[in-house]
Amino acid sequence: MDETADEPPTSAVLLDNCHFSQVIFNNVEKFYVPGGDVTCYYTLTQNIIPRRKDWVGIFRVGWKTTREYYTFMWAPLPNDVHSDTAVQQQIQFKAYYLPKDDEYYQFCYIDQDGVVRGASVPFQFRAETEDDILVVTTQGEVEEIELQNKNLRKENKELKASCASLQKQNMDLQEDLKKTQELQNSLESLRSNTETLELELNSLKKENKHLKELDDCREAELHQLKEQLQNVTSDKERLETRLKTALDHMDQLQSQVLSYEKEVENLSHTDHDKTEQLESLKEENRQLRMTRTQQKEQNKELEHCKENLKGSEAKLSLCLSHCLQNEQQQNHDLMKELEEQKHLFQILQAKKNEADEENQKLRKENDGLLRHLSQAREFSPFSVVSQAQAPIPAPGVGGLLFGNPYCATGTNLGAGAADIPSLRKCPMCNEVFPEDIETSQYEAHVQSHLLECSLCNETFEKSNKQVFEDHIFCHGLE
């Protein structure tokens, strides 16, 4: 091998045959004597521009790639690299690095890209023969020489076949070289893309670092906001507790008002002659409804304050305190009205007692009429129907249109009460139903006037929808 430490540039494939003519090897011997230095003479044509990394190698015949060199020498640069004429060059191979066998070898000129630019004829490394001496040989020696010639011809044919095979391999290698060049181009593009991606990666890393710093700042701000939110939430819960207590108290007062209204409505039907008093009671009920309407408006203001709670907790606390003061004032007014209603209820109770005494007197008359009706049924069933439908028996029920609700049905009607249909009245809308109506229908009608809370099963009148919505809102705050 060459004494230099650098490895020559090589390639896996060859180029086409035209490149072999760019460097022509001259005065190549058929054989070189082993043990002596070998001088290689070659001519650089004008078709090649020599470069610093060009080299000349000795290859064994049958080689396939430029990596299979036996030894090599760096090709010296001519004085005029860009000369337009052919330039004669020579290289001397030291005997120590030359092959020691008698195989066929050849010189090849390889450029800096590892491409073959020229190749010599084959030669051998063996001792010199005495072919030039004329000697007289015997017939046996002649036959032996002819046999050698025959072997040489056979070997020549084999070399020609090997040369054709090499040419075919050369064509295949050229195609592979084209593919390799395409792969190299792709590799270059991939390298450029890789550099671009590395630049983008560096920029993304910088941006990621900046985002992490922003994230740390955001986390610190978020921690502060969470602490503020906890403080606001605690204040909100305390205010909600106060609001819930006020709403519960208001619900109790409203339930009491409803119970008193029902009692007043029941008393309003105890005596038909007390119409004027009932009118005054209705007037008071209208005033109560107006008061409830005002209460709904105040509830709307309270709802508006709840919405403002989302924007500012400080404003909400002021609005809630104001609403609570209004509610307390209104509850105080309602208590006064309830006291008046209780006083009115006592007056009506006294009048009811007087009406009960009159009912006792009329009950006796009613019993006589019922006996009269029982006797009349025996003679004419149609007369019983006409008498049952006539308004005459109505005064027999103590002068009331639907009967006295405070008296037992059995004591009022006696033995014949089953023949006269009694009536039911809706406590919400005062609609009258016959006694034979199914209980489920009656309850469904009453239920249609009510709103029931799905959480605590508490019922509210539909007319008090605002109160019902406030009640549901309180559950939402829990």
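As annotated in an unreviewed UniProt entry, the chain is Calcium-binding and coiled-coil domain-containing protein 2 from Haliaeetus albicilla.

The next subject is the overall build of the chain. Within the chain, the regular secondary structure consists of seven helices and 13 strands. For the chain, long-range pairs separated by at least 24 residues make up 66% of all intrachain contacts whose partners lie at least 6 apart in sequence. Total accessible area on the chain stands at roughly 31900 Å², and carbon and sulfur atoms take up 53% of it.

Under the defined criterion, the tally for this structure stands at ten salt bridges. Notably, a salt bridge pairs R191 with E188, separated by 3.3 Å at the nearest N-O pair. Here R191 and its partner E188 are both found in helix 1 (residues 139–268), three residues apart, which amounts to about one turn of the helix. You can call R191 partly exposed: its relative accessible area is 46%. Each of R51, D111, D113 and R117 takes part in a single network of salt bridges with overlapping partners.

Each strand in a sheet pairs with its neighbour through backbone hydrogen bonds, running either in the same direction (parallel) or in the opposite one (antiparallel). Spatial strand order, 1-3-6: three strands in an open sheet with antiparallel pairing. Across the chains shown, the open sheet's two edge strands, defined by having one partner strand only, are strand 1 (23–26) and strand 6 (87–93). The average undirected angle you get between the axes of adjacent strands in this sheet is 30 degrees. Both strand 1 and strand 3 (residues 38–44) contribute to a ladder of four bridges, which runs antiparallel. Paired with N26 across the two strands is Y41, which belongs to strand 3.

With 21 residues, the main nonpolar core has F25, Y42, V56, F93, F107 and Y109 as its most contacted residues. No other element matches the four residues that strand 3 contributes to this core. Leave out the neighbours within four places in its chain, and F93 touches D37, V38, C40, V56, I58, T71, F72, M73, L98 and F107.

This part is about the packing of helix 1 against helix 7 (residues 465–477). Running from amino to carboxyl end, helix 1 crosses helix 7 at an angle of 145 degrees, the nearest separation of the two axes being 11 Å. Of the two elements, helix 1 crosses helix 7, and the hand of that crossing is left-handed. Residues E240, L243, L247, D251 and Q254 of helix 1 touch helix 7, and the partners they reach there are V467, D470, H471, C474 and L477. Residues that form the contact of helix 1 with helix 7 fall into these classes: five nonpolar, two polar and three charged.

Scanning all chains against the criterion turns up 20 aromatic pairs. Measuring from ring centre to ring centre gives 5.3 Å for F72 and W74, while their planes differ by 85 degrees; the resulting arrangement is edge-to-face. You can call W74 partly exposed: its relative accessible area is 22%. Through a chain of ring-to-ring contacts, three or more aromatic side chains come together here, namely F25, Y32, Y42, Y70, F93, Y105, F107, Y109, F123 and F125.

Further remarks concern the state of the cysteines. By definition, a disulfide links two cysteine residues through a covalent bond between their sulfur atoms. Applying the stated criterion across every chain, the model contains zero disulfides. The cysteine C429 is free of any disulfide, with C426 supplying the nearest cysteine sulfur at 3.6 Å. By relative accessible area, which is 34% here, C429 ends up partly exposed. Free of any disulfide, C456 has its nearest neighbouring cysteine sulfur in C453, separated by 3.6 Å.

With that out of the way, let us pick up the confidence of the model for the chain. Put simply, the chain has an average pLDDT of 80, and 82% of its residues get 70 or more. Low pLDDT (under 50) marks residues 380–403, which in the prediction has 28 contacts with non-local residues, meaning those over four places away or in another chain. Taken as a whole, residues 405–422 scores under 50 in pLDDT and shows 22 contacts with residues more than four places along the chain or in a different chain.

You will see that N27, though not glycine, has its phi angle at about 55 degrees, which is positive. Considering the arrangement of structural elements, one finds N27 in the loop between strand 1 and strand 2 (31–32). Residue class for N27 comes out exposed when judged on its relative accessible area of 60%. Despite not being glycine, N430 shows a phi value in the positive range, around 65 degrees. Examined against the element boundaries, N430 turns out to sit in the loop between strand 10 (423–425) and strand 11 (432–434).

With that settled, the discussion passes to a negative patch on the surface. On the surface, a cluster of negative charge is made up of E213, D215, D216 and E219. Using a relative accessible area of 39% as the deciding quantity, one classes D215 as partly exposed.

Within the fold, Q124 resides in strand 9 (residues 123–125). Owing to a relative accessible area of 11%, Q124 belongs among the buried residues under this scheme. Polar side-chain contacts of Q124 include one of 2.8 Å to the backbone oxygen of D102. When residues no more than four places from it in sequence are discounted, the contact partners of Q124 are K30, F31, Y32, D102, E103 and Y104.

Right, let's get into the pairing of strand 7 (residues 104–110). Of all seven residues in strand 7, six are buried; the element is thus mostly enclosed. Note that strand 4 (residues 55–60) and strand 7 share six bridges and pair antiparallel. Across the sheet, the residue bridging to R60 is Y105, located in strand 7. For strand 7 and strand 9, the ladder comprises two bridges, and the chain directions are antiparallel. Within the sheet, the bridge partner assigned to Y105 lies in strand 9 and is F123. Bridge count for strand 7 against strand 8 (residues 116–119) is three bridges, and the pairing is antiparallel. When the sheet's bridge partners are listed, Y109 is paired in strand 8 with G118. Where strand 7 hands over to strand 8, the hairpin turn is made up of five residues, of which G114 adopts a positive phi near 80 degrees.

Conventions and cut-offs
- Residues numbered from 1 in each chain as written.
- Predicted model: local features only at pLDDT ≥ 70, side-chain atom pairs only at ≥ 80, totals over all residues.
- Heavy atoms only, no water.
- Helix = DSSP H or I, 4+ residues; strand = E, 2+ residues; numbered from the N terminus.
- Contact = heavy atoms within 4.5 Å.
- Areas by Shrake-Rupley, 256 points an atom, 1.4 Å probe, with all protein chains shown as cover.
- Salt bridge = Lys/Arg side-chain N within 4 Å of Asp/Glu carboxyl O.
- Buried < 20%, exposed > 50% of the residue type's maximum accessible area, 1.4 Å probe, protein only.
- Pairing = 2+ DSSP bridges.
- Axes fitted to C-alpha atoms, helices over the stretch in contact; angles between N-to-C directions.
- Core = buried A, V, L, I, M, F, W, Y, C linked by side-chain atoms within 4.5 Å.
- Left-handed = near helix turned anticlockwise from the far one by under 90°.
- Nonpolar A, V, L, I, M, F, W, Y, C, P; charged D, E, K, R; others polar.
- Phe/Tyr/Trp six-rings, centres within 6.5 Å; stacked < 30°, edge-to-face > 60°.
- Disulfide = S-S within 2.5 Å.
- pLDDT = per-residue confidence, 0-100.
- Patch = residues over 30% accessible without salt bridge, like charges linked within 9 Å, V, L, I, M, F, W, Y side chains within 5 Å.
- Lys, Arg positive; Asp, Glu negative; His and termini not counted.
- Charge placed at Lys NZ, Arg CZ, Asp CG, Glu CD.
- Polar contact = N/O pair within 3.5 Å; in protein donor to acceptor, adjacent residues only side chain to side chain.

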